[in-house]
Amino acid sequence: MSFLALGLAACNATPTQHSASTTVSPPSAPAVQTPCPEPVTAIFGVRVNPVGAGFAGDLIHCLSVTGEATINDRLMEWPPQNRQLVAADSRSVVELEGSSADDSSTVVVFDLASGGRRSLGTLSQLGIGDPGPLGGVLSPDGTQLAIGGGHKLLLVQVQSAAVQTLATVAGDRWLMPLRWTTAGILATKVGYEGMGDFGLVKVDPASGTISVLNQGPNNQLAISPSGRFFATTAHVDLGDGPTVRYPWQNAIDLTGPDGTATRIITEKNHWFTPLDVSDDGLVLFASDSQTDPVAADMGIYVAKGGHPTQQLSSSFSGEWGPARFLDASRVLVSHLKGGTGASETSVDLELYRLCVDTAAACDISGTRTTAMVLTGTWPTVVTSIVVLPAAA
């Protein structure tokens, strides 16, 4: 599984960028504890910008949730260099690391059981040379990594590091794998820097055959684990106010297995972001502002059967997300504290019990269990959350 955000194109976190950059040495690292506690429920990355340092890289955490809300959070790796979480399953975590995200950056596999690390090779050695977005997903059995970058989709054997080119696209497009399902590898075609969407495709992992599922655009795409459902956003002309960069994404559509799209919500001057979709068609999403102060009806929502109900309220724009379903009744949610920008004091990862079967809005803040608190200034943010299948 991978977690990519492709601007208006795909999921919910910033994509790994394969381009030249500079980093600043981090402050003294906290103690790292390995291996992960069992059972591993989720893997998540936190982009770090500690007070007084310009360093940015992903802290990689593993999380075990047992019973109703017993949580064991373990810091697996502190980034000595720029490091991004690419993919994860119950056996291993795939990371991209290096002093800069260029073709000398290395794809590394971290073993959850032993804490051991090994390299699959640099991007150049794997055949990725052009700058642009980068993403990956692991096969259901964990033996293969599909990695997208440099106008192609590569298939890497996790044990031997043997690599083959599975599929290619035009030089102004990148294939970003999102889910590896029984039907094939679901990927979106995007432009440079992950911006724009040019359709959703399915790639056969045996032959590399590309089947077009739709022509897009799939704005802010979120796909269920099996690929049965996916949610996207759209702009409906409601006379919304000024925009910061993009037209208001003031509507959410859910597309089911038969290809039929259902409008979940539409509201003027609201920016909706799908955060996760379950294989039962539950949609977890955020309602936020783009230029206006937040309204009372902004925050975290869950939609069941096409009916959205508010679960958490916002006190400032950008307070919530990313987030993932832990199961049908619980969610893991990233929560900024203090405010955005210079007002941020920390980012927390929190577990909540949903209030799904009701027609009225709920306040689930009283069900909160905090899994992690990381003090830092903007942008200290959770970049991605991978909930492992065993936990769903």
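See above for the structure.
Just so we're clear, the structure is a prediction, and the values are computed from it rather than from any experiment.

*Asks:* Go over the sheet that holds strand E5 (residues 82-88) with me, naming the residues and quoting the values.
*Replies:* Spatially, the four strands line up as an open sheet ordered E5-E6-E7-E8, and their pairing is antiparallel. Looking at the sheet topology across the chains shown, the edges are occupied by E5 and strand E8 (117-122). On average, each strand axis in the sheet is inclined to that of its neighbour by 25°, with strand direction left out of account. Of the strand pairs in this sheet, strand E6 (residues 92-98) and strand E7 (residues 106-111) are connected by six bridges, and their pairing is antiparallel. Bridge pairing in E7 places Leu96 opposite Val107.

*Asks:* Any details on the side chain of Glu344? Residues and values, ideally.
*Replies:* Topologically, Glu344 is positioned in the loop between strand E26 (330-337) and strand E27 (346-353). For Glu344, which is buried and forms no salt bridge, the nearest opposite charge comes from Lys337, at a distance of 11 Å. At 3.1 Å, the side chain of Glu344 and the backbone nitrogen of Trp378 are in polar contact. Leave out the neighbours within four places in its chain, and Glu344 touches Leu336, Lys337, Gly339, Gly376, Thr377, Trp378, Pro379 and Thr380.

*Asks:* So, the pairing of strand E2 (residues 42-47): which residues are in play, and what are the values?
*Replies:* A large share of E2 lies buried, amounting to five of its six residues. As paired elements, E2 and strand E3 (residues 58-66) share six bridges and run antiparallel to each other. Of the residues in E3, the one forming a bridge with Arg47 is Asp58. Taken together, the six bridges between E2 and strand E29 (residues 381-387) define a ladder with antiparallel strand orientation. Opposite Ile43, over in E29, you have Val386 as the bridge partner.

*Asks:* Describe the pairing of strand E17 (residues 219-223), listing the residues and the values that go with them.
*Replies:* Burial analysis of E17 places five of its five residues in the buried class, the great majority of the element. Looking at chain direction, E17 and strand E18 (residues 230-234) are connected through three bridges and run antiparallel. When the sheet's bridge partners are listed, Asn219 is paired in E18 with Thr233. Remark: six residues form the turn of the hairpin made by E17 and E18, two consecutive strands paired antiparallel; Gly227 in that turn has positive phi of roughly 85°.

*Asks:* Before we move on, can you summarise the pattern of salt bridges with the specific residues and values?
*Replies:* Under the definition given, this model contains ten salt bridges. Among the ionic pairs, Asp89 bridges to Arg91, the shortest N-O distance being 3.0 Å. Given the relative accessible area of 38%, Arg91 is considered partly exposed. The closest approach of N and O atoms between Glu95 and Arg117, which form a salt bridge, is 3.7 Å. Taken together, the residues Glu95 in strand E6 and Arg117 in strand E8 connect sequence positions 22 residues apart. Judged by its relative accessible area of 0%, Glu95 falls in the buried class.

Thresholds, definitions, all that
- Residues numbered from 1 in each chain as written.
- Predicted model: local features only at pLDDT ≥ 70, side-chain atom pairs only at ≥ 80, totals over all residues.
- Heavy atoms only, no water.
- Pairing = 2+ DSSP bridges.
- Helix = DSSP H or I, 4+ residues; strand = E, 2+ residues; numbered from the N terminus.
- Axes fitted to C-alpha atoms, helices over the stretch in contact; angles between N-to-C directions.
- Buried < 20%, exposed > 50% of the residue type's maximum accessible area, 1.4 Å probe, protein only.
- Lys, Arg positive; Asp, Glu negative; His and termini not counted.
- Salt bridge = Lys/Arg side-chain N within 4 Å of Asp/Glu carboxyl O.
- Polar contact = N/O pair within 3.5 Å; in protein donor to acceptor, adjacent residues only side chain to side chain.
- Contact = heavy atoms within 4.5 Å.

Everything listed here is a matter of coordinates, which is why it stays silent on function.
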